[in-house]
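# Results of the structural survey
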Amino acid sequence: MISGSTTDAGDGPAPTPDGLAPDAAPNTAPDGGIAKVLRLDSCEDFKVDGSQLSNAVIEPWGALGPAPLLTQVLVAHGADMALFSDPVQASWDDISRARTSGVGVTTLEPIVLTTGAPPGVGLEQDNDWTWWAEGEVFINAGAQQWALRADAYAFLDLAAPGATRFERVITAQNDVAQPPVAWQANVTGWYRIRIAWANSAGNSRLELLHRPPGGPRLDPVDRDRLRAPADDLNGLVARGFEDAHWLDGRGVGLSRDRELDIALNGALPAELGLRDDRTFSVRWSGQVRINVAGEYRFAIDSDDGHRIRIDGTPLSDDLNGGPQVSLPITLDTGWHDLVVELSNVAGAASIRLGVESGPELAGQAIPRERLRPATGRRERVTAGSDPRAHDLPAGGEAAAAMALAAPIGARVTGIDVGVTVDHPRWQDLELVVQAPDGSTAQVIAASGIPRSGVFTERRASARLNGSPASGTWTVIVRDGGSGAAGTLRSAAITVHYHGGEPATALSGAYESRIYDLGAVFALDRVSWSARALVGTEARVFMRTCAEAKQCATEPWSPPLVPDQAPAVPVRRHMQLRLEVRTAGDLVPALDWVQVDYRVTE
Ligand SMILES: [Ca+2]
Ligand SMILES: [Ca+2]
Ligand SMILES: [Ca+2]
């Protein structure tokens, strides 16, 4: 028997399912009876029939954790068949149980197609398909409006926080533009949302618009109001950019590659919305699971260049391409935020991320089952671009202002800025970025480079770190006195930030099956091990009953004290409730729980 301490100082759980064997050789306890041990430790221990999870997951290494979330998107599916033609009567259950062509993600941006099916969910038929998406949407209490236009058929269902039933809020068909419907939300919070769309031939359209209480107009749903459970998904979220430097954002999808060894040679995923297969960039983001703690170096081979961040730490930044070895990083067991970025400027494009050295996976690419598209906590981005030309008068300045959306509380961890300028005397120009709070940073100093004409410059800067991310960012090109005029042709900015909607549920719970302890006469001790991270908590509760069916109505004990006898009546049937909580920044894990008890001989 292991008499573990209640914490393991964040070293993380063991790498493999680590359950004790059943107590094959019972000991005779000193004061009589036979000592027994019930231990939940491995995946198999936790996932037995009769157990229940709520906003929680059993991690693959055998631990209880809060459910991961994917933010700014809903999870989408497809089926190669038009599953309904009456959006008022259509049954969600019939749709969501259909054989799915694939899984993807959606930002709920309007989609209008003159041919074919919506991309990203594996649909193969141009006609006769169904697309559906689900997750949660954050709604403020009050009077609001929804508008839906669809070719051929669509409906929107919502369920208020805590409600079990969905309400069909609005339906649409045959591409008819209808007036918005008025809708009242009684509480503020995350509403479950589901939307389905079917087409049988020709053109198709899905356009969902929302006007929040006090909002000025109907708009596509703000993506910061979307999230979805990510616990049963593999792969990473992929975002496409129309330029080579992750500035001019386009579409979003879910990577389907078997491992992080990806060739994008003339076959760009349609959902990324990229029109030019030579000049583009892609950002994959999510989390990677490390099973063995230790120091890792990663091997990256990219065409034409890449950047890699883990937990917000830049590990490799090389826009020349070719094989590279990353800086070392020490990783504990569990999930880590991963961002892999690929830049292409010409010809073929590919990237491979593998482990160069470390306690596991050395020499291998990172397999898909080690990746999940949960939103990273320490590395998120928002971006904007201004494609309009701004005059740059002699001795004056040109300013491009861009309003960037980021969650309340989000703080900058880095910026990438790009400008295209036409000017006869580049050596007189400086580039300055102004954050929403008015603080500024010089990104390019008047350089003295004797250059003339149209050039694009891209820079990264950490000088505005800590500023609020949300609001209006201004990119300023200033002429130090050349006596010549020019043009700021375009500007774009990507703001990296942390904070905002946590990427995991704030609390999750596990209720065990009801165990028959036989002729139990003593409950000696309950002990457990949880990863003890600041702002996280793990709690254990117990209830007992004489007949198994009575347990459901028994009250739970107060939170148990580790390594002590539980304050519950000693009865034959026993059930455990495990809770994990987090303030949002760090992910707790409850690695094992053990009940020591005695039965009569
Ligand atoms: Ca375990
Ligand atoms: Ca149609
Ligand atoms: Ca290339």
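Nothing here was measured: the structure is a model prediction, and the numbers come from that model.

## A closer look at the overall build of the chain
When helices and strands are counted, the chain shows 2 helices and 44 strands. For the chain, buried positions account for 44% of its 601 residues. A sequence separation of at least 24 residues applies to 76% of the contacts in the chain between residues at least 6 apart.

## Considerations on the sheet that holds strand S37 (residues 471-479)
A sheet is described by the order of its strands in space; here 4 strands give the open sequence S32-S37-S34-S35, paired in antiparallel fashion. Strands at the two margins of the open sheet, each flanked by one partner only, are strand S32 (397-404) and strand S35 (440-444). Adjacent strand axes in the sheet meet at a mean angle of 20 degrees, parallel and antiparallel pairs treated alike. Here strand S34 (residues 429-434) pairs with S37 via 6 bridges, running antiparallel. Across the sheet, Glu430 pairs through a bridge with Arg478, a residue of S37.

## A short note on the nonpolar core
Counting 113 residues, the largest nonpolar core has Leu74 and Ala154 as its most contacted members. Residue contacts for Ala154: discarding those within four places in its chain leaves Pro87, Leu148, Ala172, Ile195, Ala196, Trp197 and Leu206. With 34 residues, the next largest nonpolar core counts Tyr510, Val526, Phe541 and Leu578 among its residues.

## Here we look at the domain arrangement of the chain
Here the domain parsing of the chain yields domain 1 (27-67 + 504-599), domain 2 (71-229), domain 3 (237-378) and domain 4 (381-498). Taken together, the contacts link 5 residues of domain 1 with 6 residues of domain 3. Split into classes, the residues belonging to the side of domain 1 that touches domain 3 amount to 4 nonpolar, no polar and 1 charged.

## Here's the deal with the confidence of the model for the chain
For the chain, the average pLDDT comes to 89, and 94% of its residues sit at 70 or higher. Considering only residues more than four positions removed or in separate chains, one finds that residues 1-25, a stretch of pLDDT under 50, has 54 contacts.

## Details of the environment of Val221
Summarising the element assignment, Val221 is placed in the loop between strand S16 (204-211) and strand S17 (226-229). Spatially, the C-alpha atoms of Val221 and Ser42 are 41 Å apart, while their sequence positions differ by 179 residues. Beyond its immediate sequence surroundings of up to four residues, Val221 is in contact with Leu108, Val137, Leu208, His210 and Leu226.

## Describing the sheet that holds strand S14 (residues 181-185)
On the basis of which strands lie adjacent, the open sheet formed by 4 strands has the order S9-S16-S11-S14 and antiparallel pairing. On the outer flanks of this sheet lie strand S9 (111-113) and S14, each paired with one strand and no other. Pairwise comparison of adjacent strand axes, ignoring direction, gives a mean angle of 25 degrees for this sheet. Relative to S14, strand S11 (residues 142-151) is paired through 5 bridges, and the arrangement is antiparallel.

## With respect to unusual backbone geometry
A cis amide bond links Asp151 with the next residue in sequence, Ala152, at an omega value of 5 degrees. Positionally, Ala152 belongs in the loop between S11 and strand S12 (153-159). Cis rather than trans, the peptide bond between Asp303 and Asp304 has omega equal to 15 degrees. Relative to the elements of secondary structure, Asp304 occurs in the loop between strand S22 (294-303) and strand S23 (305-310). Here the phi dihedral of Gln72 falls at roughly 70 degrees; this positive angle occurs in a residue that is not glycine.

## Quick look at the environment of Arg194
Assignment of secondary structure puts Arg194 in strand S15 (residues 189-199). Spatially, the C-alpha atom of Arg194 lies 34 Å from that of Gln575, the residues being 381 residues apart in sequence. Ignoring any residue separated from it by four or fewer positions in sequence, one finds Arg194 in contact with Trp92, Trp132, Glu134, Asp157 and Phe166.

## Some words on the environment of Arg489
The topology assignment puts Arg489 in strand S38 (residues 486-498). Sequence separation between Arg489 and Leu590 is 101 residues, and the spatial gap between their C-alpha atoms is 54 Å. Setting aside chain neighbours within four positions, we find Arg489 in contact with Ala389, Thr420, Val421 and Asp422.

Conventions we followed
- Residues numbered from 1 in each chain as written.
- Chains lettered and ligands numbered in written order.
- Predicted model: local features only at pLDDT ≥ 70, side-chain atom pairs only at ≥ 80, totals over all residues.
- Helix = DSSP H or I, 4+ residues; strand = E, 2+ residues; numbered from the N terminus.
- Buried ≥ 20, exposed ≤ 12 C-beta atoms within 10 Å, placed from the backbone.
- Contact = placed C-beta atoms within 7 Å.
- Pairing = 2+ DSSP bridges.
- Axes fitted to C-alpha atoms, helices over the stretch in contact; angles between N-to-C directions.
- Core = buried A, V, L, I, M, F, W, Y, C linked by C-beta atoms within 7 Å.
- Domains from an automatic or database assignment.
- Nonpolar A, V, L, I, M, F, W, Y, C, P; charged D, E, K, R; others polar.
- pLDDT = per-residue confidence, 0-100.

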